[in-house]
Amino acid sequence: MAHIAYLRVSTTDQNTNRQLTDTGISFDKTFIDKCSGGSTQRPALKELKEYVREDDTIHVHSIDRLARNLVDLKQLVNDWNERGVSVRFHKENLNFSAGGNDH
């Protein structure tokens, strides 16, 4: 079981320093995109999709860091949950677990 961080900022001028720094979690791997969240066609997101395995947990600072619309958000979370991967949004304190015990 790996704890994986996904960080995203909209431009290369911005930094990810404030995302997930106060979680106290030691992440096994971190994926960082520096591009718009308007599309799911992002390099690090693609790598993350290929990397995650059953029983992993993806940690995201906030929902808008992963997706900018509900259709993309639902698709990403559902796909991961179906593969046995949980997703946690820290700012909103939301967990979408593979076993269906969402909080």
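Just so it is clear, the model here is predicted, and its values are computed rather than measured. Along each chain, residues carry numbers from 1 onward, in the same order as the chain's sequence is written. Restriction of local features to residues with pLDDT of at least 70 applies here, the model being predicted, together with a cutoff of 80 or more for giving and counting side-chain atom pairs; totals for whole chains, interfaces and linings are based on all residues. Processing note: side-chain calculations cover all non-hydrogen atoms of the structure and skip hydrogens and water entirely.

> Quick rundown of the nonpolar core? Include the residues and the values.
The biggest cluster of nonpolar side chains holds 19 residues, and the ones touching the most others in it are Tyr6, Leu48, Ile58, Leu66 and Trp80. Those elements giving two or more residues to this core turn out to be strand E1 (3-9), helix H1 (43-51), strand E3 (57-60), helix H3 (70-82) and strand E4 (86-89). In this description a helix means any DSSP run of H or I spanning at least four residues, a strand means any run of E spanning at least two, and both kinds are numbered starting from the N terminus. In terms of residues, this core owes the most to one element, H3, which gives four residues. Beyond its immediate chain neighbours, meaning those up to four positions away, Ile58 contacts Ile4, Tyr6, Leu48, Val52, Trp80, Val85, Ser86, Val87 and Arg88. By nonpolar core is meant a set of buried Ala, Val, Leu, Ile, Met, Phe, Trp, Tyr and Cys residues that side-chain atoms within 4.5 Å join together. Remark: exposure states derive from per-residue accessible area (1.4 Å probe, protein chains only) relative to the maximum for the residue type, with buried under 20%, exposed over 50%, and partly exposed in between. Contact criterion: two residues are considered in contact whenever any of their non-hydrogen atoms come within 4.5 Å of each other.

> Quick rundown of the packing of aromatic side chains? Include the residues and the values.
Here is the rule: rings of Phe, Tyr and Trp (six-membered ring for Trp) pair when centre to centre is within 6.5 Å. Planes less than 30 degrees apart are stacked, more than 60 are edge-to-face, and the remainder are tilted. Counting across every chain of the model gives two aromatic pairs. Geometrically, the ring pair formed by Phe89 and Phe96 is edge-to-face, given 6.0 Å between the ring centres and 75° between the ring planes. According to the relative accessible area criterion, Phe89 is buried, its value standing at 0%. Comment: the charge-over-ring label is applied if NZ (Lys) or CZ (Arg) is within 6 Å of the ring centre and within 35 degrees of the ring normal. Over the aromatic face of Tyr51 sits the side chain of Lys29, whose NZ or CZ is 5.7 Å from the ring centroid.

> Now, about the side chain of Asp56: what can you tell me, with residues and values included?
Mapped onto the secondary structure, Asp56 falls in the loop between H1 and E3. Neither His nor the chain termini are counted; the positive set is Lys and Arg, and the negative set is Asp and Glu. A side-chain nitrogen of Lys or Arg and a carboxyl oxygen of Asp or Glu constitute a salt bridge if their distance falls within 4 Å. Of the buried charged residues, Asp56 lacks a salt bridge, with Arg53 as the closest side chain of opposite charge at 6.5 Å. The definition of a polar contact used here is a pair of N or O atoms within 3.5 Å, where within protein one atom must be able to donate a hydrogen and the other to accept one, and adjacent residues in sequence count solely through side-chain atom pairs. Among the polar contacts made by the side chain of Asp56, one reaches the main-chain amide nitrogen of Ala2 at a distance of 3.0 Å.

> Go over the side chain of His59 with me, naming the residues and quoting the values.
Examined against the element boundaries, His59 turns out to sit in strand E3. On the accessibility criterion, His59 (2% relative accessible area) is buried. In contact with His59, other than residues within four places in its own chain, are His3, Ile4, Ala5, Tyr6, Leu20, Ile25, Phe27, Arg88 and His90.

> Please set out H3 residue by residue, giving values where relevant.
Since there are 3.6 residues in each turn of an α-helix, residues three or four apart along the chain are aligned in direction. Here H3 contains 13 residues, and its C-alpha end-to-end distance of 18 Å stays within 8% of the 18 Å for a straight helix at 1.5 Å per residue. Looking only at H3, the buried set comprises Asp72, Leu73, Leu76, Val77, Trp80 and Asn81. Burial along H3 is one-sided: seen end-on, the buried residues are contained in an arc of 155°. Structural note: H3 exposes Val71, Lys74 and Glu82 on the side pointing more than 90 degrees away from its buried face. The span expected for a helix works out to 1.5 Å for each residue beyond the first. In this description, the arc belongs to the directions extending from the helix axis to the C-beta atoms.

> Now, about unusual backbone geometry: what can you tell me, with residues and values included?
Within the chain, Asp55 stands out as a residue other than glycine whose phi angle is a positive 80°. For Asp55, the location among the structural elements is in the loop between H1 and E3.

> For the pairing of E4, give the residues involved together with the corresponding values.
Any two strands with at least two DSSP bridges between them are considered paired. Examined bridge by bridge, E3 and E4 share four bridges and lie parallel to one another. Among the inter-strand pairings, Ile58 is bridged to a residue of E4, identified as Val87. Where E4 folds back onto strand E5 (residues 94-96) in an antiparallel hairpin, the turn is made up of four residues, including Asn93, whose phi is positive at roughly 55°.

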